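Summary of structural features
The chain contents come next:
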Amino acid sequence: MSYSKVTQKVFDDWAGNGRAEGMERGHTTRALQALEKIPLVAGDRLLDLGCGNGWATRWLLGRAGAGSLATGVDVAEAMLDRAR
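Everything numeric here is computed off the predicted structure, so don't read it as measured data.

Moving on, we come to the layout of surface pockets. Roughly 240 Å³ of volume is contained in the largest pocket. Lining the largest pocket we find 14 residues, and of these Met-23, Gly-50, Cys-51, Gly-52 and Trp-55 sit closest to its centre. Contributions of two or more residues to the lining of the largest pocket are made by helix 2 (19–35) and helix 3 (55–64). Looking at which element gives the most residues to the lining of the largest pocket, the answer is helix 2, with four residues.

Laid out in structure tokens, this is it:
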């Protein structure tokens, strides 16, 4: 099995077991320290690679404001389902 398939399976399993939200809780404080430093303005286009359940994608979009677009990408379909 390829590395990307192994990664996909691990994170699909995590999403199915409710670990996506646990990751969010565990990473939010540290992640926000970095995300808050990104200069965002209305109309920005944002790409979140490895978006998981999409919490950071939604946070960035809310901070960027009107006319902005945020796209989250993840190898794990189950994580994308949670993000939606």
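After that view of the structure, there is still more to cover.
Applying the stated criterion to the full structure yields one aromatic pair. Look at Phe-11 and Trp-14: their rings are 5.0 Å apart centre to centre, the planes differ by 65°, and that puts the pair in the edge-to-face class. Within this pair, Phe-11 and its partner Trp-14 are both found in helix 1 (residues 3–16), separated by three residues, close to a single helical turn.

The next thing to look at is the pattern of salt bridges. Scanning all chains against the criterion turns up three salt bridges. The residue Glu-21 makes a salt bridge to Arg-82 at a minimum N-O spacing of 2.9 Å. Here Glu-21 is found in helix 2, whereas its partner Arg-82 is found in helix 4 (residues 77–83), with 61 residues between them in sequence. In this structure Arg-82 comes out as partly exposed when scored by relative accessible area, which is 40%.

For soluble globular proteins, nonpolar side chains are generally found buried alongside one another. Among the nonpolar cores identified, the biggest contains nine residues, and these are Leu-32, Leu-35, Leu-40, Leu-46, Trp-55, Ala-56, Leu-60, Ala-64 and Ala-70. Put simply, the parts of the chain that give this core at least two residues each are helix 2 and helix 3. Here this core takes four residues from helix 3, the largest share from any one element. Leave out the neighbours within four places in its chain, and Leu-60 touches Leu-35, Ile-38, Leu-40 and Leu-46.

All right, on to the pairing of strand 1 (residues 45–49) then. Side-chain alternation along strand 1 places Leu-46 and Asp-48 on a buried face and Arg-45, Leu-47 and Leu-49 on a face that remains uncovered. Bridge count between strand 1 and strand 2 (residues 69–73): five bridges; the pairing is parallel. Each residue of the ladder has a partner; that of Leu-46, found in strand 2, is Ala-70. The parallel pair strand 1 and strand 2 is bridged by helix 3, and the resulting crossover is right-handed.

Conventions we followed
- Residues numbered from 1 in each chain as written.
- Predicted model: local features only at pLDDT ≥ 70, side-chain atom pairs only at ≥ 80, totals over all residues.
- Heavy atoms only, no water.
- 1 Å grid on protein atoms, 1.4 Å probe; cavity = no way out; pocket = protein on both sides within 12 Å on 5 of 7 lines; lining within 4 Å.
- Points joined across faces, edges and corners; volume = space filled by probe spheres on them.
- Helix = DSSP H or I, 4+ residues; strand = E, 2+ residues; numbered from the N terminus.
- Phe/Tyr/Trp six-rings, centres within 6.5 Å; stacked < 30°, edge-to-face > 60°.
- Salt bridge = Lys/Arg side-chain N within 4 Å of Asp/Glu carboxyl O.
- Buried < 20%, exposed > 50% of the residue type's maximum accessible area, 1.4 Å probe, protein only.
- Core = buried A, V, L, I, M, F, W, Y, C linked by side-chain atoms within 4.5 Å.
- Contact = heavy atoms within 4.5 Å.
- Pairing = 2+ DSSP bridges.
- Right-handed = clockwise from strand over helix to strand, strands pointing away.

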